[in-house]
Amino acid sequence: GIQVEQSPPDLILQEGANSTLRCNFSDSVNNLQWFHQNPWGQLINLFYIPSGTKQNGRLSATTVATERYSLLYISSSQTTDSGVYFCAGMNRDDKIIFGKGTRLHILP
Amino acid sequence: DTAVSQTPKYLVTQMGNDKSIKCEQNLGHDTMYWYKQDSKKFLKIMFSYNNKELIINETVPNRFSPKSPDKAHLNLHINSLELGDSAVYFCASSQVFGGTEAFFGQGTRLTVV
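My aim in this report is to walk through the structure given alongside it, one point at a time. For clarity, every value in this text was computed on a predicted model and none was experimentally measured. (Residues numbered from 1 in each chain as written. Chains lettered and ligands numbered in written order. Predicted model: local features only at pLDDT ≥ 70, side-chain atom pairs only at ≥ 80, totals over all residues. Heavy atoms only, no water.)

### Structural notes on the overall build of chain A
No. 1: Looking only at helices and strands, one finds 0 helices and 11 strands in chain A.
No. 2: Element order for chain A, N to C, with α for helix and β for strand: β-β-β-β-β-β-β-β-β-β-β.
No. 3: A compact globule built from 108 residues would reach a C-alpha radius of gyration of about 13 Å, and chain A, at 13 Å, matches this within 12%.
No. 4: In terms of principal-axis extent, the alpha carbons of chain A reach across some 40 × 25 × 20 Å.
No. 5: Counting across all 108 residues of chain A, residues that qualify as buried make up 49%.
No. 6: Both charge centroids of chain A, one from 8 positive and one from 8 negative side chains, sit 2 Å from each other. (Helix = DSSP H or I, 4+ residues; strand = E, 2+ residues; numbered from the N terminus. Rg over C-alpha atoms; globule rule 2.2 N^0.38 Å. Buried < 20%, exposed > 50% of the residue type's maximum accessible area, 1.4 Å probe, protein only. Lys, Arg positive; Asp, Glu negative; His and termini not counted. Charge placed at Lys NZ, Arg CZ, Asp CG, Glu CD.)

What follows is the structure in structure tokens.
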């Protein structure tokens, strides 16, 4: 089945730093999404981005479907950005497949 | 208004018991899902329903039985709970099957003792 790989697996940054999280997928996926799981366990939708680029405040995302990757950019990190970031895509069997996540810890 | 809501948020129970988790979505979506998140935070699909019909049934023990009384609700019943069932269970919905953005509930943390 399709593999969704996220990198880096862990990231520790100082408040104010910028970061780029990457998601590679082994086969074509549809409906790529980025989620933030906060320290309370909630899965928060960040972007629905099958292709192209979107921005929302300090966050932006780019998906290049033909090259099977997506990037999530976080600028001017804040401690509230800490948590796990997941990308997920839908495979040919219409299952939403998640990556293993990037654990981000922002230090004050 | 919460788009996808699950109850209860926490559930602690003894081995061998039977328990249910309820999920409701008020988004008017046709498709609903159950996901399991293990201790390593890995999220894996368990079931998917489209308009009350079972579409996806992953390799899940038959002690787990989903029930969809209408397209706004997808409940998960678990029989004879085992220690290994301890996890966080997420319900989700999307507008149509095979497309569009999925929205997740807040999760139910199940602990089997």
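### Overview of the interface of chain A and chain B
No. 1: On the side of chain B, 20 residues touch chain A, which itself brings 18 residues to the contact.
No. 2: Carbon and sulfur atoms make up 59% of the area that chain A and chain B hide from each other, which totals about 1800 Å².
No. 3: Looking only at chain A, the three residues that lose the most surface to chain B are L43, I96 and F98 of chain A, adding up to 28% of its buried area.
No. 4: At the boundary of chain A with chain B, the tally comes to 1 salt bridge.
No. 5: E58 of chain B is paired through a salt bridge with K95 of chain A; the nearest N and O atoms lie 2.5 Å apart. (Contact = heavy atoms within 4.5 Å. Buried area = accessible area lost by both parts, 1.4 Å probe. Salt bridge = Lys/Arg side-chain N within 4 Å of Asp/Glu carboxyl O.)

### Some thoughts on the sheet that holds strand β7 (residues 59–64) of chain A
Two pairing modes exist for strands in a sheet, parallel and antiparallel, and in both the strands are linked by backbone hydrogen bonds.
Residue and element names in this part refer to chain A.
No. 1: The 5 strands are arranged β1-β3-β8-β7-β6 in an open sheet whose pairing can be described as antiparallel. Edge positions in the open sheet fall to β1 (4–7) and β6 (52–56), since each of these has one partner strand only. On average, adjacent strands in this sheet sit at an angle of 15° to one another, irrespective of strand direction.
No. 2: Direction of pairing for β1 relative to strand β3 (residues 19–25): antiparallel, over a ladder of 4 bridges. When the bridges of β3 are listed, E5 appears paired with N24. (Pairing = 2+ DSSP bridges. Axes fitted to C-alpha atoms, helices over the stretch in contact; angles between N-to-C directions.)

### Comments concerning the environment of S39 of chain B
Residue and element names in this part refer to chain B.
No. 1: Following the sequence through the fold, S39 ends up in the loop between β4 (31–37) and β5 (43–50).
No. 2: Looking at S39, the relative accessible area reads 76%, which means it is exposed.
No. 3: In sequence terms S39 and E24 are 15 residues apart; their C-alpha atoms lie 25 Å from each other.

### Thoughts on the layout of surface pockets
No. 1: Quantified by volume, the largest pocket comes out at close to 360 Å³.
No. 2: Lining of the largest pocket is provided by 19 residues; of these, I2, Q3, I97 and F98 of chain A together with F42 of chain B occupy positions nearest its centre.
No. 3: For the lining of the largest pocket, the secondary structure elements donating two or more residues are β1 and β10 (96–98) of chain A together with β5 of chain B.
No. 4: One number sums up the size of the second largest pocket: a volume of about 260 Å³.
No. 5: Residue lining of the second largest pocket: 20 residues in total, with G41 of chain A together with Q37, K41, V88 and R109 of chain B positioned closest to the centre.
No. 6: Element by element, the count of residues in the lining of the second largest pocket is highest for strand β11 (residues 108–112) of chain B, at 4 residues.
No. 7: In terms of residue class, the lining of the second largest pocket is built from 7 nonpolar, 9 polar and 4 charged. (1 Å grid on protein atoms, 1.4 Å probe; cavity = no way out; pocket = protein on both sides within 12 Å on 5 of 7 lines; lining within 4 Å. Points joined across faces, edges and corners; volume = space filled by probe spheres on them. Nonpolar A, V, L, I, M, F, W, Y, C, P; charged D, E, K, R; others polar.)

### Concerning the pattern of salt bridges
Oppositely charged side chains may form a pair once their charged atoms are brought near each other.
Residue and element names in this part refer to chain B.
No. 1: Counting across every chain of the model gives 5 salt bridges over all chains.
No. 2: Residues K71 and D30 are paired through a salt bridge, measuring 2.7 Å at the closest nitrogen-oxygen approach. Of this pair, K71 sits in the loop between β7 (64–70) and β8 (73–78) while D30 sits in the loop between β3 (19–25) and β4, and the two are 41 residues apart along the sequence.
No. 3: Residues E82 and R63 are paired through a salt bridge, measuring 3.5 Å at the closest nitrogen-oxygen approach. Residue E82 is found in the loop between β8 and β9 (87–96), and its partner R63 is found in the loop between β6 (53–57) and β7; the two are separated by 19 residues along the sequence.
No. 4: In this structure, a network of salt bridges that share partners links the residues R63, E82 and D85.

Geometric descriptors of this kind do not, in isolation, establish any biological role.
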